[in-house]
Amino acid sequence: MFHLVFQNIFYNLPLILTFCLILFVFYTDFVYFIIPNWLNISILLLCPFGFLFQQHMPSYLSSIIAFGIIFFGVGAFFFSVNNFGGGDWKMLSALAPWLGVLKLLDFFIIMSLAGGVEIIILLLLRKIIPENSQLRKKGKMRRILRKNEIPYGLAIASAAIICLIPVFRIYK
(Lines give C-alpha, C1' and ligand atoms only; values in the text may rest on other atoms or scores of the structure.)
Protein backbone atom coordinates (compact mmCIF):
# COMPACT_ATOMS: atom_id res chain seq x y z
CA MET A 1 0.00 0.00 0.00
CA PHE A 2 2.77 2.45 0.97
CA HIS A 3 4.53 1.63 -2.29
CA LEU A 4 1.46 2.64 -4.32
CA VAL A 5 1.05 5.91 -2.40
CA PHE A 6 4.72 6.77 -2.96
CA GLN A 7 4.47 5.79 -6.62
CA ASN A 8 1.41 8.04 -7.12
CA ILE A 9 3.16 10.99 -5.46
CA PHE A 10 6.40 10.40 -7.37
CA TYR A 11 4.84 10.17 -10.83
CA ASN A 12 2.59 13.15 -10.19
CA LEU A 13 5.24 15.29 -8.47
CA PRO A 14 5.74 17.81 -11.33
CA LEU A 15 1.97 18.21 -11.60
CA ILE A 16 1.60 18.61 -7.82
CA LEU A 17 4.34 21.27 -7.83
CA THR A 18 2.64 23.00 -10.76
CA PHE A 19 -0.65 23.04 -8.83
CA CYS A 20 1.14 24.63 -5.85
CA LEU A 21 2.66 27.28 -8.12
CA ILE A 22 -0.72 27.99 -9.71
CA LEU A 23 -2.26 28.43 -6.25
CA PHE A 24 0.54 30.85 -5.39
CA VAL A 25 -0.21 32.77 -8.61
CA PHE A 26 -3.81 32.99 -7.43
CA TYR A 27 -2.63 34.57 -4.17
CA THR A 28 -0.08 37.01 -5.65
CA ASP A 29 -2.43 38.24 -8.34
CA PHE A 30 -5.27 38.70 -5.86
CA VAL A 31 -3.21 40.57 -3.27
CA TYR A 32 -0.52 42.37 -5.30
CA PHE A 33 -1.92 42.43 -8.88
CA ILE A 34 1.26 40.78 -10.13
CA ILE A 35 2.29 37.37 -11.42
CA PRO A 36 6.06 37.06 -10.89
CA ASN A 37 8.15 35.85 -13.81
CA TRP A 38 9.81 33.15 -11.71
CA LEU A 39 6.39 31.51 -11.21
CA ASN A 40 5.67 31.43 -14.94
CA ILE A 41 9.14 30.12 -15.75
CA SER A 42 8.82 27.42 -13.07
CA ILE A 43 5.44 26.31 -14.43
CA LEU A 44 6.90 26.12 -17.93
CA LEU A 45 10.04 24.23 -16.86
CA LEU A 46 8.04 21.62 -14.93
CA CYS A 47 6.14 20.61 -18.08
CA PRO A 48 8.79 18.31 -19.64
CA PHE A 49 9.26 16.61 -16.28
CA GLY A 50 5.51 16.14 -16.08
CA PHE A 51 5.53 14.27 -19.38
CA LEU A 52 8.60 12.29 -18.39
CA PHE A 53 7.30 11.28 -14.95
CA GLN A 54 3.94 10.31 -16.41
CA GLN A 55 5.95 7.86 -18.54
CA HIS A 56 4.73 9.17 -21.83
CA MET A 57 6.48 11.74 -23.92
CA PRO A 58 4.04 12.95 -26.54
CA SER A 59 5.12 12.50 -30.11
CA TYR A 60 3.87 16.00 -30.80
CA LEU A 61 6.35 17.60 -28.36
CA SER A 62 7.75 19.94 -31.02
CA SER A 63 4.23 21.18 -31.82
CA ILE A 64 3.64 21.82 -28.09
CA ILE A 65 6.81 23.93 -27.95
CA ALA A 66 5.78 25.81 -31.11
CA PHE A 67 2.31 26.27 -29.64
CA GLY A 68 3.80 27.87 -26.51
CA ILE A 69 5.95 30.21 -28.62
CA ILE A 70 2.98 31.24 -30.78
CA PHE A 71 0.93 31.82 -27.65
CA PHE A 72 3.71 33.99 -26.26
CA GLY A 73 3.74 36.09 -29.45
CA VAL A 74 -0.03 36.59 -29.48
CA GLY A 75 0.04 37.52 -25.79
CA ALA A 76 2.86 39.99 -26.38
CA PHE A 77 0.74 41.67 -29.05
CA PHE A 78 -2.27 42.01 -26.72
CA PHE A 79 0.00 43.32 -23.97
CA SER A 80 1.48 45.92 -26.32
CA VAL A 81 -1.97 47.32 -27.11
CA ASN A 82 -2.88 47.37 -23.38
CA ASN A 83 -5.54 44.66 -23.59
CA PHE A 84 -3.82 42.24 -21.26
CA GLY A 85 -1.49 42.30 -18.27
CA GLY A 86 2.09 41.14 -18.75
CA GLY A 87 1.92 38.41 -16.13
CA ASP A 88 -1.36 37.10 -17.53
CA TRP A 89 -0.10 36.40 -21.02
CA LYS A 90 3.17 34.97 -19.70
CA MET A 91 1.17 32.62 -17.50
CA LEU A 92 -1.01 31.59 -20.46
CA SER A 93 2.16 30.91 -22.44
CA ALA A 94 3.61 28.81 -19.59
CA LEU A 95 0.38 26.82 -19.29
CA ALA A 96 0.00 26.23 -23.05
CA PRO A 97 2.39 23.23 -23.16
CA TRP A 98 0.69 21.68 -20.11
CA LEU A 99 -2.73 22.01 -21.71
CA GLY A 100 -1.87 21.21 -25.29
CA VAL A 101 -3.99 22.00 -28.29
CA LEU A 102 -6.73 19.52 -27.37
CA LYS A 103 -7.60 21.09 -23.99
CA LEU A 104 -7.24 24.68 -25.10
CA LEU A 105 -10.88 25.24 -26.05
CA ASP A 106 -12.05 23.80 -22.72
CA PHE A 107 -9.51 25.98 -20.94
CA PHE A 108 -10.70 29.18 -22.66
CA ILE A 109 -14.37 28.41 -21.98
CA ILE A 110 -13.70 27.72 -18.29
CA MET A 111 -11.40 30.76 -18.03
CA SER A 112 -14.05 33.00 -19.60
CA LEU A 113 -16.76 31.72 -17.26
CA ALA A 114 -14.50 32.05 -14.21
CA GLY A 115 -13.48 35.54 -15.35
CA GLY A 116 -17.11 36.56 -15.76
CA VAL A 117 -17.97 35.35 -12.26
CA GLU A 118 -14.87 37.09 -10.88
CA ILE A 119 -15.77 40.38 -12.55
CA ILE A 120 -19.37 40.26 -11.29
CA ILE A 121 -18.21 39.51 -7.72
CA LEU A 122 -15.60 42.28 -7.78
CA LEU A 123 -18.02 44.83 -9.20
CA LEU A 124 -20.60 43.91 -6.56
CA LEU A 125 -18.01 44.15 -3.77
CA ARG A 126 -16.83 47.52 -5.05
CA LYS A 127 -20.45 48.75 -5.11
CA ILE A 128 -21.53 47.28 -1.76
CA ILE A 129 -18.52 48.16 0.41
CA PRO A 130 -18.60 51.88 1.26
CA GLU A 131 -15.73 54.18 0.26
CA ASN A 132 -14.85 55.00 3.87
CA SER A 133 -14.81 51.34 4.97
CA GLN A 134 -11.76 49.92 6.76
CA LEU A 135 -11.60 47.18 4.11
CA ARG A 136 -10.84 49.81 1.48
CA LYS A 137 -8.20 51.49 3.64
CA LYS A 138 -6.31 48.61 5.28
CA GLY A 139 -5.54 44.97 4.74
CA LYS A 140 -5.14 42.73 1.75
CA MET A 141 -8.53 43.59 0.26
CA ARG A 142 -7.81 47.31 -0.07
CA ARG A 143 -5.99 47.05 -3.37
CA ILE A 144 -8.58 44.91 -5.09
CA LEU A 145 -11.41 47.15 -3.87
CA ARG A 146 -9.77 50.45 -4.85
CA LYS A 147 -8.36 49.68 -8.28
CA ASN A 148 -10.29 49.76 -11.52
CA GLU A 149 -8.34 46.77 -12.81
CA ILE A 150 -9.34 43.12 -12.58
CA PRO A 151 -6.71 40.53 -11.55
CA TYR A 152 -7.49 38.08 -14.35
CA GLY A 153 -4.82 35.68 -13.13
CA LEU A 154 -7.48 34.35 -10.76
CA ALA A 155 -9.60 33.16 -13.69
CA ILE A 156 -6.56 31.78 -15.50
CA ALA A 157 -5.41 29.87 -12.40
CA SER A 158 -8.91 28.50 -11.74
CA ALA A 159 -9.28 27.26 -15.31
CA ALA A 160 -5.78 25.75 -15.29
CA ILE A 161 -6.47 23.74 -12.16
CA ILE A 162 -9.80 22.48 -13.49
CA CYS A 163 -8.25 21.48 -16.83
CA LEU A 164 -5.16 19.85 -15.32
CA ILE A 165 -6.95 17.68 -12.74
CA PRO A 166 -7.61 14.86 -15.27
CA VAL A 167 -3.87 14.69 -16.01
CA PHE A 168 -3.19 13.03 -12.64
CA ARG A 169 -2.23 9.41 -13.11
CA ILE A 170 -3.40 7.06 -10.37
CA TYR A 171 -1.73 3.68 -9.98
CA LYS A 172 -3.64 0.81 -8.41
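Structure: see above.
Residues numbered from 1 in each chain as written. Predicted model: local features only at pLDDT ≥ 70, side-chain atom pairs only at ≥ 80, totals over all residues. Heavy atoms only, no water.

## Comments concerning the nonpolar core
Put simply, the test is: Working definition of a nonpolar core: buried Ala, Val, Leu, Ile, Met, Phe, Trp, Tyr and Cys residues. They are joined through side-chain atoms within 4.5 Å. For every residue, the accessible area obtained with a 1.4 Å probe (protein chains only) is divided by the maximum for its type, and the residue is called buried under 20%, exposed over 50%, and partly exposed between those limits. A run of DSSP states H or I qualifies as a helix once it reaches four residues; a run of E qualifies as a strand once it reaches two. Both are numbered from the N-terminal end.
Within the largest apolar cluster, 33 residues are counted, with the highest numbers of intra-cluster contacts made by Ile-22, Ile-43, Met-91, Leu-95, Phe-107, Met-111 and Ile-156. Looking at this core, the elements with two or more residues in it are helix H2 (13–32), helix H3 (37–53), helix H4 (61–80), helix H5 (86–128) and helix H8 (153–164). It is H5 that provides the largest number of residues to this core, a total of ten residues. Core analysis: the next-biggest nonpolar cluster, separate from the first, contains five residues, Phe-33, Leu-122, Ile-129 and Leu-145 among them.

## Here we look at H3
What counts, and what does not: Between the first and last residue of a helix there are one fewer steps than residues, each counted as 1.5 Å, and that sum is the expected span.
If you check H3, its first and last C-alpha atoms are 25 Å apart, about what 17 residues at 1.5 Å a residue would give, namely 24 Å. Every buried residue of H3 is accounted for by Leu-39, Asn-40, Ile-43, Leu-46, Cys-47, Gly-50, Phe-51 and Phe-53.

## Some words on unusual backbone geometry
A positive phi is found at Phe-33, a non-glycine position, where the angle reads about 60°. By the element assignment, Phe-33 lies in the loop between H2 and H3. Residue Phe-33 is classed as buried on the basis of its relative accessible area, which comes to 16%.

## Notes on the packing of H2 against H8
Convention followed: Whenever a helix is involved, its axis is fitted only over the stretch in contact; in every case the axis is a line through C-alpha atoms, and angles between N-to-C directions fall within 0 to 180 degrees. Each angle receives one of four descriptions, namely roughly parallel if under 35 degrees, roughly antiparallel if over 145, roughly perpendicular if within 65 to 115, and oblique otherwise. Should the near helix be turned counterclockwise from the far one by less than a right angle, the crossing is left-handed, whereas a clockwise turn marks it as right-handed. Contacts: residue pairs with any heavy atoms within 4.5 Å of one another. Classification used: nonpolar for Ala, Val, Leu, Ile, Met, Phe, Trp, Tyr, Cys and Pro, charged for Asp, Glu, Lys and Arg, polar for all others including Gly.
Interhelical geometry of H2 versus H8 gives an angle of 160° and a closest axis separation of 8 Å. The orientation of H2 with respect to H8, classified from their angle, is roughly antiparallel. By crossing handedness, the relation of H2 to H8 is classed as left-handed. Contacts between H2 and H8 involve Leu-15, Thr-18, Phe-19, Ile-22, Leu-23, Phe-26, Asp-29 and Phe-30 on the former and, on the latter, Gly-153, Leu-154, Ala-157, Ser-158, Ala-160, Ile-161 and Leu-164. Residues belonging to the contact of H2 with H8 are distributed by class as follows: eleven nonpolar, three polar and one charged.

## Some details on the packing of aromatic side chains
Counted only if it meets this: Note on aromatic pairs: the rings of Phe, Tyr and Trp (six-membered ring only in Trp) are paired at centre separations within 6.5 Å, and the planes decide the class, stacked below 30 degrees, edge-to-face beyond 60, tilted for the rest.
According to the stated counting rule, one finds five aromatic pairs in the structure shown. Judged by centre distance (6.2 Å) and plane angle (85°), the ring pair of Tyr-27 and Tyr-32 falls under edge-to-face. In this structure Tyr-27 comes out as partly exposed when scored by relative accessible area, which is 34%. Where Phe-79 meets Trp-89, the ring centres are 6.2 Å apart and the plane angle is 45°; that geometry is what we call tilted. A residue pair is termed long-range when its members are at least 10 positions apart, and Phe-79 in helix H4 and Trp-89 in helix H5 qualify at ten residues. Residue Phe-79 is classed as partly exposed on the basis of its relative accessible area of 40%. One aromatic cluster in this structure is built from Phe-24, Tyr-27, Tyr-32 and Trp-38.

## Re the packing of H3 against H5
Packing of H3 against H5 leaves a shortest axis separation of 8 Å and a crossing angle of 5°. Classed by the angle they form, the pair H3 and H5 counts as roughly parallel. Contacts between H3 and H5 pair Asn-37, Asn-40, Ile-43, Leu-44, Leu-46, Cys-47, Gly-50 and Phe-51 from the former with Gly-87, Lys-90, Met-91, Ser-93, Ala-94, Leu-95, Pro-97 and Trp-98 from the latter. In the contact of H3 with H5, the residues fall into ten nonpolar, five polar and one charged.

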